[in-house]
Amino acid sequence: MTRDLKPRTKAIHAGTRRSQYGEVSEAIFLTQGFVYETAEDAEARFIEAGPDEFIYARYGNPTVAMFEERIAALEGAEDAFATASGMAAVSGALTSMLKAGDHVVSARALFGSCLYVLEEVLTRYGVEVTFVDGTDLAAWEAAIRDDTAAVFFESISNPTLQVIDIVAVSQLAHAKGAKVLVDNVFATPVWSNALAQGADVVIYSATKHIDGQGRALGGVILGTRDFIRKTVEPYMKHTGGSMSPFTAWVMLKGLETLDLRVRAQTANATAIAEALQNHPKLAQVIYPGHVNHPQNALVQRQMGEGGTVLSVDLKGGKAAAFRFLNAIEVGVISNNLGDAKTIMTHPATTTHQRLPQDQKDALGITDGLVRISVGIEDAVDLVEDILQALDHA
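Computed from a predicted model, the values in this text were never measured in an experiment.

Colleague: Please clarify how the pattern of salt bridges should be interpreted in this entry.
Modeller: Note that side chains of opposite charge can pair when their charged atoms are close. Applying the stated criterion across every chain yields a total of 19 salt bridges. Here Arg70 ties to Glu26 by a salt bridge, and the two come within 2.9 Å at their closest N and O atoms. Placement of Arg70 in helix α3 (residues 62-75) and of Glu26 in the loop between α1 (7-13) and α2 (39-47) is noted, with a sequence separation of 44 residues between them. Judged on exposure class, the residue Arg70 and its partner Glu26 are both buried. The partner of Arg229 in a salt bridge is Glu68, with the nearest N and O atoms 3.5 Å apart. With Arg229 in helix α10 (residues 225-239) and Glu68 in helix α3, the pair connects residues that are 161 residues apart, well separated along the chain. One continuous salt-bridge network, built from bridges that share partners, spans Glu68, Asp79, Arg225, Arg229 and Glu233.

Have a look at this one:
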């Protein structure tokens with residue numbers, strides 16, 4: 001490409017490689033290894049592979065490289081490394097850069113598996129982790145020390161949808177020399193540009209909006225070329241967390257419609273949030289894009305829109321939440337998010353079930369909380385279905 005293109009165009013065309021056959025849809029290179037013309041060629045490639053040369057699928061693959069280059073172009077990153085899952089991306093980004101004695105500051109409101117990596121895995125190997133209220137800038141400032149190696153947070157927390165000020169936290173971290181790692185799944189590449197706002201590393205579970213159609217697990221780590229190729233790549237290729245070629249092809253197809261889907265999902269989420277305001281069965285409606293969200297001003301400044309997910313807290317607790325979920329007809333009960341289908345989740349008994357009750361209480365994960373990942377169905381059908389299900393609650 002000879003000129004800077006808009007994101008939707010980049011999501012369709014960036015990084016494209018074509019074989020001698022000139023295919024329109026990207027080819028899937030289902031091979032674990034590659035052939036060299038001579039022994040000398042093999043030796044040279046193992047010393048240093050060229051930009052379009054490959055050694056072994058765990059190290060890199062043409063289809064995977066297309067996905068990495070395309071998502072990097074979309075995100076405005078120098079480089080990217082595609083992983084086998086979103087959690088492979090989170091654990092790989094953190095573990096590849098940290099060593100015993102390092103200090104990490106993290107927001108407390110995280111997905112359960114992220115909490116496990118920080119609380120159980122990193123600390124087992126001598127990394128000190130301090131948790132803070134991610135919305136409290138004074139808490140970040142107090143916790144980040146001169147020896148802090150990294151700060152980590154979800155730009156929108158799962159499932160209570162707290163929004164972290166990327167610019168402000170990045171400034172505090174950089175003042176102490178710490179890297180900023182942002183799990184940007186809920187914000188999506190459509191509504192957030194965390195790198196431009198100060199993050200050093202951005203992580204996505206590509207399983208979510210990037211695939212967005214419930215087909216494959218995947219993840220991606222984005223950052224500077226030095227960080228990706230000198231820190232992340234050596235760790236990932238030796239520990240085996242790389243993305244498969246078939247998965248990369250699925251993700252390439254997902255990127256082609258990402259912008260269209262996320263915009264439609266966001267419009268639907270906005271309509272649902274508006275329709276549920278002041279509903280008598282609900283103690284709370286949490287949607288970052290609604291004026292009633294306590295951080296709506298930050299959302300408008302940082303993203304411009306509220307994203308594809310909202311949460312509702314039913315007054316009747318778990319029993320009411322289960323009655324509501326069991327009465328849903330259009331959506332489905334599952335634990336994924338970012339899908340073209342509307343997905344309902346009860347975090348207290350599924351995604352965050354392992355948390356002790358005091359942590360659930362601190363994070364606002366009540367027995368009545370239901371996370372709604374909004375799909376691309378007709379908004380009228382979704383609103384009507386949720387309202388009738390609330391009648392059963």
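We are not done yet, so read on.
Colleague: Could you clarify how one ought to interpret empty space enclosed by the protein in this entry?
Modeller: Space left empty within the atom packing is revealed by a probe, the size of a water molecule, rolled over the atoms. Scanning the entire structure with this criterion turns up 1 cavity of 30 Å³ or more. By volume, the largest cavity amounts to about 40 Å³. Taken together, Val185, Thr188, Pro189, Tyr204, Ser205, Lys208, His209 and Ile210 make up the lining of the largest cavity. Listing elements by their share of the lining of the largest cavity, those giving two or more residues are α8 (188-191), β6 (201-205) and α9 (207-211). Top element by residues in the lining of the largest cavity is α9. It accounts for 3 residues.

Colleague: Sorry if this is basic, but what is going on with helix α7 (residues 166-175) here?
Modeller: Given 3.6 residues to a turn, an α-helix orients residues that are three or four positions apart in the same direction. Taken as a whole, α7 has its buried residues at Ile166, Ala168, Val169, Ser170 and Ala173. Measuring from the side-chain oxygen of the N-cap residue of α7 to the backbone nitrogen of Val167 gives 3.3 Å; that N-cap residue is Asp165. One or two positions beyond α7, positive phi appears at Gly177, with a value near 80 degrees.

Colleague: Any chance you could explain the side chain of Asn296 here in plain terms?
Modeller: Inspection of the secondary structure puts Asn296 in helix α12 (residues 296-302). On the basis of relative accessible area, Asn296 is assigned to the buried category, the value being 12%. Every residue in contact with Asn296, bar those within four places of it in the chain, is listed here: Pro288, Gly289, His290 and Val291.

Colleague: Could you clarify how one ought to interpret the sheet that holds strand β1 (residues 79-83) in this entry?
Modeller: Backbone hydrogen bonds are what pair the strands of a sheet, in a parallel or an antiparallel way. Spatial ordering of the open sheet is given by β1-β7-β6-β5-β4-β2-β3, a layout of 7 strands whose pairing is mixed. This sheet does not close on itself; its edge strands, each paired only once, are β1 and β3 (128-132). When strand polarity is set aside, the average angle formed by the axes of neighbouring strands in this sheet is 20 degrees. Pairing geometry for β6 and strand β7 (residues 219-223), over 4 bridges, is antiparallel. Among the inter-strand pairings, Val202 is bridged to a residue of β7, identified as Leu222. Contacts from α3 reach β1, β6 and β7 within the one sheet, and its direction differs from that of β1 by about 130 degrees. The strands touched by α7 are β4 (148-154) and β5 (179-183); relative to β4, the strand with the most contacts, the crossing angle is about 170 degrees.

Colleague: Can you walk me through unusual backbone geometry in this structure?
Modeller: Most peptide bonds are trans, and most residues other than glycine sit at a negative phi. For the bond from Asn158 to Pro159, the omega torsion is 10 degrees, close enough to zero to count as cis. Looking at where Pro159 falls in the secondary structure, it is placed in the loop between β4 and α7. One non-glycine residue with positive phi stands out, namely Leu161, at about 60 degrees. In this structure, Asn278 takes a positive phi of about 65 degrees despite not being glycine. By secondary structure assignment, the location of Asn278 is in the loop between α11 (245-276) and β8 (282-286). The class of Asn278 is exposed, set by a relative accessible area of 77%.

Colleague: What is the right way to read the packing of aromatic side chains from this model?
Modeller: Pairs of aromatic rings are described using the distance from one ring centre to the other and the angle between the two planes. Considering all chains together, one arrives at 4 aromatic pairs under this definition. The interplanar angle of 85 degrees and the centroid separation of 6.2 Å between the aromatic rings of Tyr56 and Tyr59 together place this pair among those described as edge-to-face. Relative accessible area serves as the criterion here: at 36%, Tyr56 is assigned to the partly exposed category. Arranged with centres 5.8 Å apart and planes meeting at 70 degrees, the rings of Trp140 and Phe153 form a pair that is edge-to-face.

Colleague: Would you mind going over the sheet that holds β8 with me for this structure?
Modeller: Read from one edge of the open sheet, 5 strands run β8-β9-β12-β11-β10, paired in mixed fashion. Here the strands that pair on one side only, and so sit at the sheet edges, are β8 and β10 (332-333). One ladder, built from 3 bridges, connects strand β11 (residues 343-345) with strand β12 (residues 369-373); its direction is antiparallel. Its bridge partner lying in β12, Met344 is registered against Ile372.

Colleague: Explain the environment of Gly375 to me, please; I cannot follow it from the model alone.
Modeller: Within the secondary structure, Gly375 is located in the loop between β12 and α15 (379-392). Spatially, the C-alpha atoms of Gly375 and Gly331 are 8.4 Å apart, while their sequence positions differ by 44 residues.

Colleague: What is the right way to look at helix α5 (residues 112-124) in this model?
Modeller: Taking 1.5 Å of rise per residue, the 13 residues of α5 would be expected to cover 18 Å, and the 17 Å separating its terminal C-alpha atoms lies within 8% of that figure. Inspection of α5 places Gly112, Cys114, Leu115, Val117, Leu118 and Leu122 among the buried residues, and these make up the whole buried set. The inward-facing, buried residues of α5 contact α4 (86-97), β2 (103-107), β3, β4, β5 and α14 (357-363). Taken from the residues just after α5, Gly126 is the one with a positive phi, measuring 90 degrees.

Colleague: What exactly am I supposed to notice about the layout of surface pockets here?
Modeller: One number sums up the size of the largest pocket: a volume of about 730 Å³. Along the wall of the largest pocket there are 29 residues; nearest its centre are Gly50, Pro51, Asp79, Arg229 and Glu233. At the level of elements, α3, β1 and α10 are the ones that each hand at least two residues to the lining of the largest pocket. Partitioned by chemical class, the residues of the lining of the largest pocket number 14 nonpolar, 4 polar and 11 charged. Reported here for the second largest pocket is a volume of approximately 360 Å³. Lining the second largest pocket are 24 residues, with Gly86, Met87, Phe111, Ser205 and Lys208 positioned closest to its centre. Of all elements in the fold, only α4, β6 and α9 reach the threshold of two or more residues within the lining of the second largest pocket. Considering only residue class, the lining of the second largest pocket consists of 11 nonpolar, 9 polar and 4 charged.

The rules behind each value
- Residues numbered from 1 in each chain as written.
- Predicted model: local features only at pLDDT ≥ 70, side-chain atom pairs only at ≥ 80, totals over all residues.
- Heavy atoms only, no water.
- Salt bridge = Lys/Arg side-chain N within 4 Å of Asp/Glu carboxyl O.
- Helix = DSSP H or I, 4+ residues; strand = E, 2+ residues; numbered from the N terminus.
- Buried < 20%, exposed > 50% of the residue type's maximum accessible area, 1.4 Å probe, protein only.
- 1 Å grid on protein atoms, 1.4 Å probe; cavity = no way out; pocket = protein on both sides within 12 Å on 5 of 7 lines; lining within 4 Å.
- Points joined across faces, edges and corners; volume = space filled by probe spheres on them.
- Polar contact = N/O pair within 3.5 Å; in protein donor to acceptor, adjacent residues only side chain to side chain.
- Contact = heavy atoms within 4.5 Å.
- Pairing = 2+ DSSP bridges.
- Axes fitted to C-alpha atoms, helices over the stretch in contact; angles between N-to-C directions.
- Phe/Tyr/Trp six-rings, centres within 6.5 Å; stacked < 30°, edge-to-face > 60°.
- Expected span 1.5 Å × (residues − 1).
- Nonpolar A, V, L, I, M, F, W, Y, C, P; charged D, E, K, R; others polar.

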